Amino acid sequence: VSTQSTWGFSGIQVMRALTIVKYAKPVVFQQMPIPKVKSGEVLIKMRASPINPSDLGFIHGVYGCRRPTRLPVVAGLEGTGIIHEVGAGVNSSLVGKPVSLFLNSQDPNFHGCWSEFAPANLRDVIELHENTDFKMSACAIVNPITALCFIDIAKKAKTRSIIHTAAASIVGRILEQLAQKEGINVINVIRNKEEEDTIKKFGAKHVLNSTDADFAEKLKTLVNELQPQVTFNAVGNELAGKIFKAMPEQATMYQYSNISMKPLGEFLSEEFLFK
């Protein structure tokens with residue numbers, strides 16, 4: 001997104017933004033007034049913002065238990081930029097500082113990162129080093145913290161192996177590397193050769209292609225060998241049921257995303273009895 005704001009016909013300074021006009025519809029490029037910074041907030045001149053699966057869920061109106069009800073709303077949950085202005089109670093020395101931010105999608109007054117300027121509560125901002133790459137740092141919060149949380153959950157479950165779907169994603173790549181340091185085996189589930197090659201570049205030993213005819217058989221063999229007590233599923237659809245069926249007794253599955261945008265499938269009621 002360009003960082004050159006303009007002046008509207010009414011004399012109000014405006015910016016360009018990608019907005020949600022209706023959930024589950026394409027975002028709309030439009031001009032809107034630059035947000036006024038409130039007490040405890042900073043106004044950030046955006047430099048970069050990624051498109052995460054959570055952003056797609058947010059655009060479809062299915063991310064989180066609540067969503068902004070006043071439309072249009074600017075999309076984009078995280079990004080990087082430079083503090084342009086500060087509100088009351090915020091040290092003015094922060095103006096000009098490079099930052100990474102992650103915004104609270106549960107806020108009814110949510111204003112996202114896919115705009116030239118974005119307001120953020122100071123607690124949702126992390127100051128970056130002066131020479132930080134804005135594009136690289138745009139993914140500095142959501143994916144790394146997600147992977148760290150997965151490792152924490154695995155350690156608390158006292159398991160030495162886990163299952164992870166959508167394993168070639170940024171989260172998957174970080175998780176594989178963290179797991180290696182902790183001595184935790186990851187059964188990485190991917191869906192094509194390109195994804196398999198990607199995750200293997202990060203040292204993955206156990207990689208299964210969910211589209212292979214013998215996927216279920218290979219998965220069960222690995223599960224019997226490694227006894228993973230935790231699964232982190234990002235895909236949804238029938239893959240969830242296939243993995244759940246192969247999991248050991250007393251194991252736990254965490255559904256943390258739904259990339260397929262399809263209902264979970266292939267669950268049998270009797271399979272819940274000992275999981």
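So, here is what we can say about the structure in this document. Just so we're clear, the structure is a prediction, and the values are computed from it rather than from any experiment. (Residues numbered from 1 in each chain as written. Predicted model: local features only at pLDDT ≥ 70, side-chain atom pairs only at ≥ 80, totals over all residues. Heavy atoms only, no water.)

What about the environment of L178?
As a reminder of what qualifies: Helix and strand labels come from DSSP, where a helix needs a run of H or I of at least four residues and a strand needs a run of E of at least two; each type is numbered from the N terminus. Working definition: with a 1.4 Å probe on protein chains only, accessible area under 20% of the residue-type maximum means buried, over 50% means exposed, and in between means partly exposed. Here, two residues are considered to be in contact whenever any of their heavy atoms come within 4.5 Å of each other.
For L178, the location among the structural elements is in helix α4 (residues 170-182). For L178, a relative accessible area of 21% corresponds to the partly exposed category. Spatially, the C-alpha atoms of L178 and F150 are 9.7 Å apart, while their sequence positions differ by 28 residues. Those residues within four positions of L178 in sequence are excluded, and the remaining contacts are A147, L148 and I151.

As for the packing of helix α6 (residues 215-226) against helix α7 (residues 237-246)
Filter applied, for reference: Only the stretch in contact is used when fitting a helix axis, every axis being a line fitted to C-alpha atoms; angles between N-to-C directions are given from 0 to 180 degrees. Left-handed describes a crossing whose near helix is turned anticlockwise from the far helix through less than a right angle; right-handed describes the clockwise counterpart. In this count, Pro and Cys sit with the nonpolar residues alongside Ala, Val, Leu, Ile, Met, Phe, Trp and Tyr, while Asp, Glu, Lys and Arg are called charged and the others, Gly among them, polar.
Contact geometry of α6 with α7 gives a least axis separation of 9 Å together with a crossing angle of 40 degrees. Like other packed secondary-structure pairs, α6 and α7 cross with a definite hand, here right-handed. Residue-level inspection shows F215, L219, K220 and V223 of α6 in contact with α7, the latter providing L239, K242, I243, K245 and A246. Of the residues in the contact of α6 with α7, the class split is 6 nonpolar, no polar and 3 charged.

A closer look at the side chain of S100
With respect to the helices, strands and loops of the structure, S100 is situated in strand β7 (residues 98-102). Apart from the residues lying within four places of it in its own chain, the contact partners of S100 are G79, T80, D124, V125, I126, L128, S137, A140 and I141.

A closer look at the packing of helix α3 (residues 142-156) against α4
Quick note on the threshold: For classification purposes, an angle smaller than 35 degrees is called roughly parallel, one larger than 145 roughly antiparallel, one from 65 to 115 roughly perpendicular, and anything else oblique.
Interaxial distance between α3 and α4 falls to 9 Å at its minimum, and their mutual angle equals 40 degrees. Classed by the angle they form, the pair α3 and α4 counts as oblique. Here the hand of the crossing between α3 and α4 comes out right-handed. From α3, N143, P144, T146, A147, L148, F150, I151 and K155 reach across to α4, where they touch I170, V171, I174, L175, L178, A179 and E182.

A word on the sheet that holds strand β12 (residues 206-209)
So the rule is basically this: In this scheme, strands are said to pair when DSSP sees at least two bridges between them.
Sheet architecture is open: 5 strands sit in the order β12-β11-β10-β13-β14, paired in parallel fashion. For this open sheet the edge positions go to β12 and β14 (252-255), each flanked by a neighbour on one side alone. The sheet shows a mean angle of 20 degrees between the axes of neighbouring strands, taken without regard to direction. As paired strands, strand β11 (residues 185-190) and β12 are joined by 4 bridges and run parallel to one another. For V189, the partnering residue across the bridge sits in β12 and is L208. Here α4 sits on the sheet and contacts β10 (161-165) and β11; the angle it forms with β10, its principal contact strand, is near 170 degrees.

Things to note about α3
Think of an α-helix as 3.6 residues a turn; residues three or four steps apart then line up on the same face. Condition: Helices are assigned an expected span. That span is 1.5 Å times one less than the residue count. Here the arc refers to the directions that run from the helix axis out to each C-beta atom.
In this model α3 runs 21 Å from its N-terminal to its C-terminal C-alpha over 15 residues, within 8% of the 21 Å that 1.5 Å per residue would give. Within the sequence span of α3, burial applies to V142, N143, A147, F150, I151 and A154. Projected down its long axis, α3 shows its buried positions confined to an angular sector of 165 degrees, all on one face. In this structure, the buried side of α3 is in contact with β6 (78-86), β7, β10, α4 and β13 (230-233).

Section: the nonpolar core
As a reminder, the rule being used: We define the nonpolar core as a collection of buried residues of types Ala, Val, Leu, Ile, Met, Phe, Trp, Tyr and Cys that are connected through side-chain atoms lying within 4.5 Å of one another.
Counting 31 residues, the largest nonpolar core has I20, V42, I44, I83, L101 and V125 as its most contacted members. Of all the secondary structure elements, the ones that give two or more residues to this core are β2 (13-20), β4 (41-48), α1 (53-59), β5 (73-74), β6, β7 and β8 (117-121). Examining the composition of this core, we find that 4 residues originate from one element, β4, more than from any other. Residues A166, L208, L239 and M253 belong to the second largest nonpolar core, which totals 20 residues.

What about the packing of aromatic side chains?
So the rule is basically this: Aromatic rings from Phe, Tyr and Trp, taking only the six-membered ring of Trp, are treated as a pair when their centres fall within 6.5 Å; an angle between ring planes under 30 degrees marks them as stacked, one over 60 as edge-to-face, and anything in between as tilted.
Counted according to the given criterion, the structure contains 4 aromatic pairs. Here the aromatic rings of F150 and Y256 are separated by 4.8 Å at their centres, their planes lie at 70 degrees, and the arrangement is edge-to-face. Taken together, the residues span a long stretch of sequence, with F150 in helix α3 and Y256 in the segment after β14 at a distance of 106 residues. When its relative accessible area of 6% is taken as the criterion, F150 is described as buried.

Notes on a nonpolar patch on the surface
Using the following cut-off: Two joining distances apply to patches: 9 Å for like charges and 5 Å for nonpolar side chains (Val, Leu, Ile, Met, Phe, Trp, Tyr), and every residue must have over 30% relative accessible area and no salt bridge. Where accessible areas are quoted, they stem from the Shrake-Rupley method and a 1.4 Å probe; at the residue level, only the protein chains shown are allowed to cover. Counted as salt bridges are all cases of a side-chain nitrogen of Lys or Arg within 4 Å of a carboxyl oxygen of Asp or Glu.
A cluster of nonpolar side chains, I51, L56, V62 and M261, forms an exposed patch at the surface whose accessible area comes to about 390 Å². Exposure remark for V62: the relative accessible area of 55% places this residue in the exposed category.

Here's the deal with the sheet that holds β7
Strand order in this open sheet of 5 strands is β8-β4-β6-β7-β9, and the pairing throughout is antiparallel. Looking at the sheet topology across the chains shown, the edges are occupied by β8 and β9 (125-127). On average, adjacent strands in this sheet sit at an angle of 45 degrees to one another, irrespective of strand direction. As paired strands, β7 and β9 are joined by 3 bridges and run antiparallel to one another. Note on β9: the bridge partner recorded for L101 is V125.

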